[in-house]
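Reading the structure
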Amino acid sequence: MDTILTINNLTKKFGYLTAVKDLSFTINKGNVYGILGPNGSGKSTTLGIVLNVVNKTSGDFSWFDGNTTTHDALKKVGAIIERPNFYPYMSAYQNLKLVCKIKGVDFSKVDEKLELVGLLDRKDSKFQTYSLGMKQRLAIASALLNDPEILILDEPTNGLDPQGIHQIRTLIKQIASNGTTILLASHLLDEVEKVCSHVVVLRKGEKLYSGRVAVSDTHLRAHETGRNLVC
């Protein structure tokens with residue numbers, strides 16, 4: 001099985017605070033991985049490190065075959081780690097065309113990705129008229145414009161209403177079924193159980209469990225109730 005990302009003994013310290021401690025796991029092609037943990041568990045910091053926006057303190061990570069530079073590897077990565085940020089007075093189509101120019105992607109991809117996320121019929125509507133769920137789906141469309149090998153999502157359903165949550169989770173499963181590997185961070189057990197094939201459970205920056213979701217129910221339930229997890 002092809003390896004997408006390998007993390008070895010990764011540590012990140014902010015002064016006296018250790019946000020990520022000696023973290024190791026591997027992501028293989030074609031799966032949906034969840035990083036599960038409460039706020040402050042190191043999920044976002046880990047994603048920031050592998051996306052080259054946060055500097056690691058020690059340890060290492062490598063993309064794909066290990067011989068690809070992070071700069072080149074990130075050309076094959078799509079990511080949403082912050083709230084969707086588009087020009088409010090521009091339409092969805094205009095916003096995505098701008099992203100295409102930045103990424104060097106053909107404009108033909110815009111309609112294709114808008115259709116995938118269910119926004120083709122609203123492509124000429126201004127971004128400011130979109131609901132929060134629609135904005136999140138547009139952000140996913142933007143992250144998919146370069147047909148990435150892996151899509152990284154940080155708390156993709158945070159703040160959404162039940163309908164928006166359902167739409168995003170359905171979309172994630174659809175994208176995965178098309179062959180894109182997905183890595184998502186979430187504090188919601190229900191989310192990980194419903195959309196992920198594999199999970200890494202973090203608490204205070206340390207890995208407590210990693211493996212398939214289907215065989216990790218005890219560990220996940222322990223996370224939910226706040227009891228100690230055993231690796």
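The preceding data block contains the structure.
Residues numbered from 1 in each chain as written. Predicted model: local features only at pLDDT ≥ 70, side-chain atom pairs only at ≥ 80, totals over all residues. Heavy atoms only, no water.

**Notes on the sheet that holds strand S1 (residues 3–14)**
What counts, and what does not: Strand pairing is assigned whenever DSSP detects at least two bridges linking the two strands. Helix and strand assignments come from DSSP, with helices taken as H or I runs of at least 4 residues and strands as E runs of at least 2, each series counted from the N terminus. Here, axes are lines fitted to C-alpha atoms. For helices the fit covers the stretch in contact, and angles between N-to-C directions go from 0 to 180 degrees. Any two residues whose heavy atoms approach within 4.5 Å are treated as being in contact.
The strand order across the open sheet formed by three strands is S2-S1-S4, and the pairing between neighbours is antiparallel. Two strands lie at the open edges of the sheet, namely strand S2 (17–28) and strand S4 (58–63), each paired on one side alone. On average, each strand axis in the sheet is inclined to that of its neighbour by 15°, with strand direction left out of account. For S1 and S2, the ladder comprises eight bridges, and the chain directions are antiparallel. Bridge assignment links Lys 13 to a residue of S2, and that residue is Thr 18. Most of the contacts of helix H1 (residues 43–50) go to S1, to which it runs at about 115°, and overall it touches S1, S2 and S4.

**Some words on the environment of Gln 167**
Where we set the bar: To sort residues, take the accessible area from a 1.4 Å probe on protein chains only and compare it with the maximum for the residue type: under 20% means buried, over 50% means exposed, and anything in between is partly exposed.
Its location among the elements puts Gln 167 in helix H6 (residues 162–177). Judged by its relative accessible area of 26%, Gln 167 falls in the partly exposed class. Along the chain, Gln 167 and Arg 137 lie 30 residues apart, while their C-alpha atoms are 8.6 Å from each other.

**Focus on the packing of helix H3 (residues 92–103) against helix H5 (residues 132–143)**
For clarity, the threshold we go by: Angles are sorted into four bins: roughly parallel if under 35 degrees, roughly antiparallel if over 145, roughly perpendicular if 65 to 115, and oblique for all others. By convention, the crossing between two helices is left-handed when the near helix turns anticlockwise from the far helix through less than a right angle, and right-handed when the turn is clockwise. Residues were grouped as follows: Ala, Val, Leu, Ile, Met, Phe, Trp, Tyr, Cys and Pro as nonpolar; Asp, Glu, Lys and Arg as charged; and all remaining residues, including Gly, as polar.
It is the contact of H3 with H5, at a shortest axis distance of 10 Å, that shows an interaxial angle of 30°. As summarised for this structure, H3 and H5 are arranged roughly parallel, according to the angle between their axes. Once H3 is placed against H5, the crossing between them reads as right-handed. Of the residues in H5, those in contact with Ala 92, Leu 96, Val 99 and Lys 103 of H3 are Leu 138, Ala 141, Ser 142 and Ala 143. Here the contact of H3 with H5 is composed, by residue class, of six nonpolar, one polar and one charged.

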